[in-house]
Amino acid sequence: MKHFGALLSIALWGTVWAQPTFIRTYSAIPYAWGVAATSTGGLVVAGNYSDTACYLLRLDREGEVSWMNRYTGMGNPGGGSELHPCILNKFYAVAVAADGKLVVVGTANGALSAQRSVTCFDSSGTWLWGQTSGVETHAEMLDLAAAGNDNTVIVAGDSPDLFYQHATLLRYAVEDGTCLGGVRMLGGIDTRPTSIDFNADGTILMTTGQHGDQVMKLTPEFTPVWRLSWANFSPTRLRGLANGRTVAASDTVIAMIDPSGTLVWMNELVVDGGVQDIAVRPDGRILALGQSGSAFSWLMELDSTGALQWIRRYGNDGEDIAVNHLELLPDGSSFLIGYNTVTDALCVVSVDQNGELGDCSFPPMSADVSPFAFTLSDTLSTFPWSPG
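A brief structural summary.

### A closer look at the nonpolar core
Argument step 1. The biggest cluster of nonpolar side chains holds 20 residues, and the ones touching the most others in it are V247, I254, L269, I286, W298 and M300.
Argument step 2. Those elements that provide at least two residues to this core are β20 (246–249), β21 (253–257), β22 (263–270), β23 (274–280), β24 (286–292) and β25 (296–302).
Argument step 3. The dominant element in this core, judged by the number of residues it contributes, is β25, at four residues.
Argument step 4. Setting aside its immediate chain neighbours within four residues, I286 contacts V247, I254, M256, W265, A279, V280, M300, E301, L302 and D303.
Argument step 5. Membership of the second largest hydrophobic core comes to 17 residues, among which are I29, A32, F335 and I337.

In structure tokens form, the structure reads like this:
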């Protein structure tokens, strides 16, 4: 399939063995709602053209388009796994499973409102299976997805009833779409999931927000291991580490939690702008991606103790480099994915393991890190739940 041309393409190369670095804007491809790195160092992007037309895009390590597919009619107003034209059809997140398949979540149907959708594609974007669930009149959706090493995926989103908005977490087998269980969270007026991830041991992590800010760790069977909540810390991003620890972050605070749920440290960032996404290297070093309004973006690295190692800025004032997704690649380099604030077109920035962008030089910037005085609060309960 022919790919859409790049409006702006700057390829910046160091030595032959160095990771490729570049800034590239794809003029005909709209905002990326979901992104996921592949095992080969490529990138999968999911997004929407309209209320009924979605896309999947596969980029290689150099930022070239391997393929791009558009999809319509991915839902079924009657429920089940058959595909029929529908009023509403949107992709919000994508995960690359252990076997290379792509699992995309979002919302579909909509005679009155919407249902949750889960769809699986092969590595070339060919549809394999899909299903919708939920009550249309309740405007249900899924907007988070993460892949496990056992070829399952966890997905999360909103599951409202007549009065409240509840956080919902479900697990699916990639092979055939079997739902392996889930949980729903009660408490507060509205409680929404904000981030999910797997730990290396197969346990499940989730942060929730709005009227129930907390981090929780669950067994693969969704039994709570621990739950933490703070009155003055609202985590929106988290990552599980190979050693069983958990990193959680808000826009200005990052916390490290040990496998038993004990807080190791919590530090506040003094920096121009706020954190958009995080990633963690195998040795525990933390990458935090941020934005300063629409003026420029930045990437910082903290060591495993929370001490600042470096910070890099991307963009001069007014260049509209606004990136909000961070994907750490197997070779230690990173993709930073976002959009042009003027055209809303997809923008991808590739940096090396030190956050460098070839020979491109942007103004230096500074940041500081200091201990954060947190206040613990009560946690919210979960109960077993399955889609209906």
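### Thoughts on the environment of V94
Argument step 1. On the secondary structure map, V94 appears in strand β7 (residues 88–96).
Argument step 2. Considering only alpha carbons, one finds V94 and A37, 57 residues apart in sequence, at a separation of 9.8 Å.

### Regarding the sheet that holds strand β11 (residues 141–147)
Argument step 1. If you trace the five strands from one edge of the open sheet to the other, you get β11-β12-β13-β14-β31, paired in antiparallel fashion. Single-partner strands in this sheet number two, and they are β11 and β31 (382–384). For this sheet the average axis-to-axis angle between neighbouring strands, irrespective of direction, equals 20 degrees.
Argument step 2. Where strand β13 (residues 167–173) and strand β14 (residues 179–185) come together, four bridges link them in antiparallel fashion. Residue L170 lies in a different strand from β14, and its bridge partner there is G182.

### A closer look at the sheet that holds β23
Argument step 1. The strand order across the open sheet formed by four strands is β23-β24-β25-β26, and the pairing between neighbours is antiparallel. Each edge of the sheet is formed by a strand with only one pairing partner; in this case those strands are β23 and β26 (308–314). Pairwise comparison of adjacent strand axes, ignoring direction, gives a mean angle of 20 degrees for this sheet.
Argument step 2. As paired strands, β23 and β24 are joined by six bridges and run antiparallel to one another. Within the sheet, the bridge partner assigned to A279 lies in β24 and is L287.

### Topic: the pattern of salt bridges
Argument step 1. One pass over the full model with this rule turns up 12 salt bridges.
Argument step 2. With a closest N to O distance of 2.8 Å, R285 and D283 form a salt bridge.
Argument step 3. By relative accessible area, R285 is classed as partly exposed at 30%.
Argument step 4. Taking relative accessible area as the criterion, D283 reaches 47% and is therefore assigned partly exposed.
Argument step 5. Residues joined in a network through salt bridges with shared partners are R281, D283, R285 and E301.

How each quantity is defined
Residues numbered from 1 in each chain as written. Predicted model: local features only at pLDDT ≥ 70, side-chain atom pairs only at ≥ 80, totals over all residues. Heavy atoms only, no water. Core = buried A, V, L, I, M, F, W, Y, C linked by side-chain atoms within 4.5 Å. Buried < 20%, exposed > 50% of the residue type's maximum accessible area, 1.4 Å probe, protein only. Helix = DSSP H or I, 4+ residues; strand = E, 2+ residues; numbered from the N terminus. Contact = heavy atoms within 4.5 Å. Pairing = 2+ DSSP bridges. Axes fitted to C-alpha atoms, helices over the stretch in contact; angles between N-to-C directions. Salt bridge = Lys/Arg side-chain N within 4 Å of Asp/Glu carboxyl O.

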